[in-house]
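Observations on chain architecture
Listed below, chain by chain, are the residues.
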Amino acid sequence: ITVAQGPAPVVLRDGTQMVTTAVAPAAAFVPGVQRCHRAQPRRVVPLASVSSDGNGSSASTVLDKDKPDWAGQDLLSKMVNTAISIKPLFGIMKGMARDVLIKTAEKNGVQWREETQVLLQDQRLKDLKEQIENPAVEYPSYYTQEFHAYDEGNLCWQAAAEAESATYAMALRVWPKEGLSSDGAQQRLRDSYTDAIKKYRGEQGSGKVSSLLDMGCSVGISTRALAAAFPEATKVLGCDLSSYFLAVAKSRKVEGSREEYLHVNGENTGLGDEVCDLYSLAFVVHELPQYATRSIFKEAFRLVKPGGTIVLTDNNPRSEVIQNLPPALFTLMKSTEPWSDDYYTLDVEAALEDAGFVNPTTVPSDPRHRTVLATKPV
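Here the structure is a predicted model, which is why all the values come from computation and not from measurement.

Another point: the packing of aromatic side chains. Here the structure, examined in full by the defined rule, presents eight aromatic pairs. For the ring pair tryptophan 70 and phenylalanine 330, a centre distance of 5.6 Å and an interplane angle of 10 degrees mean the geometry is stacked. Placement of the pair is tryptophan 70 in the loop between strand E2 (42-46) and helix H1 (75-85) and phenylalanine 330 in helix H12 (residues 327-336), with a sequence separation of 260 residues. By the burial criterion, tryptophan 70 is buried, and phenylalanine 330 matches it. Considering the side-chain rings of tyrosine 142 and tyrosine 291, the 6.3 Å spacing of their centres and the 75 degrees angle between planes classify their relative orientation as edge-to-face. Of this pair, tyrosine 142 sits in helix H5 (residues 141-144) while tyrosine 291 is found in helix H10 (residues 290-303), placing the two residues 149 residues apart along the sequence. It is lysine 129 that lies over the ring of tyrosine 244; its NZ or CZ is 4.6 Å from the centre. Note that lysine 376 overlies the ring of phenylalanine 301, its terminal NZ or CZ placed 4.7 Å from the centroid.

Take the nonpolar core next. In a soluble, globular protein the nonpolar side chains are often hidden away together inside. Judged by nonpolar contacts, the single largest core of 64 residues is most densely connected at Leu213, Tyr279, Leu281, Phe297, Ile310, Leu352 and Phe357. If one sorts the elements of this core by residue count, H10 sits on top with six residues. Ile197, Tyr200, Val209 and Leu226 belong to the second-largest nonpolar core, a separate cluster that totals 29 residues.

With that settled, the discussion passes to the pattern of salt bridges. Enumeration over the complete set of coordinates arrives at 20 salt bridges. Close ionic contact of arginine 124 with aspartate 122 constitutes a salt bridge, the shortest N to O distance being 2.8 Å. Arginine 124 sits in the partly exposed class, given a relative accessible area of 44%. Residues participating in the shared-partner salt-bridge network are Lys94, Glu146 and Asp151.

How each quantity is defined
- Residues numbered from 1 in each chain as written.
- Predicted model: local features only at pLDDT ≥ 70, side-chain atom pairs only at ≥ 80, totals over all residues.
- Heavy atoms only, no water.
- Phe/Tyr/Trp six-rings, centres within 6.5 Å; stacked < 30°, edge-to-face > 60°.
- Helix = DSSP H or I, 4+ residues; strand = E, 2+ residues; numbered from the N terminus.
- Buried < 20%, exposed > 50% of the residue type's maximum accessible area, 1.4 Å probe, protein only.
- Lys NZ or Arg CZ within 6 Å of the ring centre and 35° of its normal.
- Core = buried A, V, L, I, M, F, W, Y, C linked by side-chain atoms within 4.5 Å.
- Salt bridge = Lys/Arg side-chain N within 4 Å of Asp/Glu carboxyl O.

Geometric descriptors of this kind do not, in isolation, establish any biological role.
Next comes the structure, spelled out in structure tokens:
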């Protein structure tokens, strides 16, 4: 089946940030059926109105290239992948990537090693893990390989104990020259995401969020941010494939908070149909092979109520910052992110449409990241 290419992307070179949105009638989309994408005209929306600080400075400068040269099938990407495939060299890269991340974080006020030791010595965590762990969960092969410089990936205490520090360090990298505290950078990162959700849902006439699901919630930072942004939600569910991470998330739960946590595989959750108004994937899709992303989108379509929203935030392939990363940095990053090529070559909007969602919109929500939103037809 031929897939038609959409119009050329809007190139933004004068500092004015714009968002392109594909608009199509709900009847044109059938889940699981491939079709021509973006046959409908695009509408263009000024991005500044979704900036988290009111002046547009949270926005990204986006380029006309679909992805960085160091991802996909480009020669540079193949050269990097060849270097990573050499095991002795990969081991050195993995150690260097971890060392750079920790030192950069601590230089910016994140007490990485100190906080990690506190969590590793927290005797409650093992009990919490046993309470939340679902023995019926089957781990897909992509999740059991090493990534993020951990031999066991996310299935170990070291990764769980360091996840909070890594998340705060990630936010600090977005605005390196603004002198933000780790808390301030994290709040700004989350606000840019939730502001985009609120604006999009308002445009779609989606109504209030009474229930939300945060898939790939990690240690609960994203779940708590969503709960704070949508106080009207009476059901706030954080889901993850790592019971280690979920144990940390539960340990951070305060009395009276609405967050609940569930150990599930996002491709097959076992939950009922139409359980949430808002389904979120925060910094998850870059961890997945394309087939898993499509499977998760399909399951999300089942879980979202008619008129509800799916939203994801992740690295923006068109970000000027991402495309111009120094060779040392993108090489180290790819050494710890085995599915980078799959992520940067995936047409996320088209994949959402394939799952049945409509009106996909991409917002360059900060200098490094994009927020992609779509609606389940009524």
